[in-house]
Every structure is written in structure tokens, then in C-alpha cells.
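Listed here are the chains, written in short residue letters.
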Amino acid sequence: MKLIDGKATAQTIREELKTEVAALKDRLGRAPGLAVVLVGEDPASQVYVRNKIKACEDTGIVSKAFRPEASVSQAELEDLVRRLNADPELDGILVQLPLPRGLDSQRILDLIDPAKDVDGFHPVSMGRLTLGLPGLRPCTPAGVMELLRRYDIPTKGKKAVVVGRSNIVGKPMALLLAQPGVDATVTLCHSRTRDLAAECRQADILVAAIGKANFITADMIKDGAVVIDVGMNRTEKGLAGDCDFHAMKDKVAAITPVPGGVGPMTIAMLMVNTLAACRRRMG
Ligand code: GUN
């Protein structure tokens, strides 16, 4: 079994970015800038946002944090996004999800300038991905693709099964795996899938993005499969993935651990997207 080390890979990418960010800063007279918006005090979101800001510091990207209270109105939050769109020194805008109850996140995401949509959640970004046009890709699925590339995991003609159809992970993941050049044959499974175990057992590459601890068991995995676990589930025993790592680790060809797998890659790809957005905006 090969352990797919997302933490180490993310660190490598961050080192690569440092050089590129420094060169861009020399050329532009300013570093790439990322606005990070955290509404309210959700503890998990606070951790994610802290890690994103730290990754910026690491790579030389300038981060600007905005922390409206959970009681902020839809109109006030929309005004903030408009101001961030208009700020020439900000290349990326990230609004941490989920937003507190009462706020319409889709309306907020729709307002973000697609040129600054480093999360890749705007309908224009999703549309461009669907059409196979260049654009900013959602960070988590982009991070999974980067792991597959860097670990030389073959995808052409392979059967990939994605479990979970969220807009943030499952849906874009399926599109990326099916795109020309990657050429996997993709099945997108979800909570209404009939005989999920049988679908999973077909997978040469299984991507689990369900949000239920240890939901994918060893008997659902084909011998020699590659397992990518996107799950981040808080349990009494700490952070757990969607896959039963210990039960399947001797059966698979390669697997990502949780923590230390996909999570750090999401943040690394946010940095990649911010650099890309800066380059595209500044020419
Ligand atoms: N919440 C969970 N994942 C993400 C992500 O990738 N970006 C943002 N903005 N919020 C999230």
C-alpha cells in the first residue's frame, strides 16, 4: 500500500509557490492578495480560516481577513463583497461556508467577481468547468487531481466512482475526472444510489465525499483500488474520514489518510488559484 501524503505534497506545492509569488511581486510591485471572509464564530470554520491565512503568510500572498458578526444582514454582506470586488489589490475572494442561518450563500457567491472566484463556486466558474473551458476550479477536487498527477496514478480508461454529489466536491470532482486528458469513466453516487456497495466495488479510483465517519467499509473496495478520502468528520476519537482506513489499508494500492490527505491540498490549491487569478487579472 502506498500512502498518499497530502501534507507533504501540499508543503512541496507551497515551496514551489513561494518562488513564483516572489517573482510576481517583483514584476507587479505588489504581492497577490486574498480576502478571507468569515461570518460568525463556527469553530470548524475558524480553524479552516486560520490555516488559510497561515498558508498565505507562508507563500508570500497578502491576506486580508474580514470577520462580520453572525448577525450581519444579507445587504451588509453583499456590500462587503462589492467592496472586495472593487479593490484592485485583491485578486481572490473567499467566503468561508457554511454561512450562518438567515444568509443566502448562493446570492453571496453569485456576487463575487468570477475573476476573483478562487473557490471556484461561482456559476461562471462551474459553467466553465462543465464546458471544459479554462477557469478557476474548486480547491478540493483540484487538490485531488493534483495528488493523482503527482503520485502517477493512471486515470485513462479507469473506472472512477465519486460518492457524494455536493457542489463543492462531488459534482466538480466527477467533471474533472471525466475531462479529456484525464479520461476516467465516472460514476457519481449519492444518498439515493441503489446498491452503493456494488457501485463502489467497481472502482479503480474511489473518491469519498459523503461526510459520514467510516461510511465506506473494506468490503466495498476492490483489491488494488486507489482510495481518496475527502471526509473530515469530528468524532469522539478525533478527526475521521469517510473511509475505514485501518480495515482497508492492506487491500488498496494507495490511500489518503485523514488528517494529512486531501485537507492540506485544498489549502494549497487555494494558494495556486490566488496566484492564477492574480496573473490573469494583471496580465
Ligand atoms: N467550506 C468547506 N469547504 C470549503 C471550501 O473549500 N471553501 C469555502 N469557502 N468554504 C468551505
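Residues numbered from 1 in each chain as written. Predicted model: local features only at pLDDT ≥ 70, side-chain atom pairs only at ≥ 80, totals over all residues.

A.B. asks: Would you mind going over the domain arrangement of the protein chain with me for this structure?
C.D. replies: Where interface size is given, it is often the accessible area lost as the parts come together that is meant. Parsing the protein chain into structural domains produces domain 1 (29-113) and domain 2 (139-263). Using C-alpha coordinates to define each centre, domain 1 is positioned 28 Å away from domain 2. (Domains from an automatic or database assignment.)

A.B. asks: Please clarify how the site of the ligand should be interpreted in this entry.
C.D. replies: Near the ligand you find Leu94, Val95, Gln96, Leu97, Asp119, Cys139, Thr140, Ile168 and Thr266, and these make up its full shell. Mapped by element, the contributors of at least two residues to the shell around the ligand are β4 (92-95) and α6 (139-150). Here the residues of the shell around the ligand are counted per class, giving five nonpolar, three polar and one charged. For the shell around the ligand, the domains that each give at least three residues are domain 1 (29-113) and domain 2 (139-263). (Near = placed C-beta within 6 Å. Helix = DSSP H or I, 4+ residues; strand = E, 2+ residues; numbered from the N terminus. Nonpolar A, V, L, I, M, F, W, Y, C, P; charged D, E, K, R; others polar.)

A.B. asks: Mind showing me how you'd approach the nonpolar core here?
C.D. replies: As a rule of thumb, soluble globular proteins bury nonpolar side chains together. Membership of the largest hydrophobic core comes to 86 residues, with the highest contact counts inside it found for Val162, Val163, Leu206, Val207 and Val227. With 11 residues, the top contributor of residues to this core is helix α10 (residues 262-282). For this core, the domains that each give at least three residues are domain 1 (29-113) and domain 2 (139-263). Beyond its immediate sequence surroundings of up to four residues, Val163 is in contact with Cys189, Cys200, Val207, Ala208, Ala209, Ile210 and Ile216. (Core = buried A, V, L, I, M, F, W, Y, C linked by C-beta atoms within 7 Å. Buried ≥ 20, exposed ≤ 12 C-beta atoms within 10 Å, placed from the backbone. Contact = placed C-beta atoms within 7 Å.)

A.B. asks: Whenever I open this one, the UniProt feature "domain: Tetrahydrofolate dehydrogenase/cyclohydrolase NAD(P)-binding" (unreviewed entry) in the protein chain confuses me. Can you help?
C.D. replies: Annotation from UniProt places "domain: Tetrahydrofolate dehydrogenase/cyclohydrolase NAD(P)-binding" (unreviewed entry) at residues 138-280. Each end of residues 138-280 is marked by a C-alpha atom, and these two atoms are 17 Å apart; helix forms 35% of the span and strand 18%. (UniProt positions renumbered as here; feature names shortened; annotations may be inferred.)

A.B. asks: Hey, could you run me through the environment of Val95 in this one?
C.D. replies: Turning to its location among the elements, Val95 is positioned in strand β4. The residues touching Val95, leaving out its near neighbours within four places in the chain, are Val37, Ile108 and Leu109.

A.B. asks: Looking at this model, I keep getting lost on the packing of helix α2 (residues 43-59) against α10. Mind explaining?
C.D. replies: For any two helices packed against each other, one specifies the crossing angle of their axes together with the interaxial distance. Contact geometry of α2 with α10 gives a least axis separation of 10 Å together with a crossing angle of 55 degrees. On the basis of the axis angle, α2 is oblique to α10. Read as a crossing pair, α2 and α10 show a hand that is right-handed. Residue-level contacts link Asn51, Lys52, Ala55 and Thr59 of α2 to Ile267, Leu270 and Met271 of α10. (Axes fitted to C-alpha atoms, helices over the stretch in contact; angles between N-to-C directions. Parallel < 35°, antiparallel > 145°, perpendicular 65-115°, else oblique. Left-handed = near helix turned anticlockwise from the far one by under 90°.)

A.B. asks: It is not clear to me how the pairing of β4 should be interpreted in this structure. Could you clarify?
C.D. replies: On any regular strand, side chains alternate: one points to one face of the sheet, the next to the other face. Burial of β4 is two-sided: the residues Gly92 and Leu94 facing one way and the residues Ile93 and Val95 facing the other way are all buried. Pairing of strand β2 (residues 33-37) with β4 involves four bridges; the strand directions are parallel. Paired with Ala35 across the strands is Ile93, a residue of β4. (Pairing = 2+ DSSP bridges.)

A.B. asks: What's the story with helix α1 (residues 6-28) in this structure? I'm lost.
C.D. replies: Given 3.6 residues per helical turn, the α-helix brings residues three or four places apart onto the same face. The terminal C-alpha atoms of α1 lie 31 Å apart, and with 23 residues this matches the ideal 33 Å at 1.5 Å per residue to within 8%. Among all positions in α1, only Gly6, Thr9, Ala10, Ile13, Leu17, Val21 and Leu24 are buried. Contact partners of the buried residues in α1: α2, α6 and α10. Looking one or two places after α1, you find Gly29, whose phi comes out positive at around 80 degrees. (Expected span 1.5 Å × (residues − 1).)

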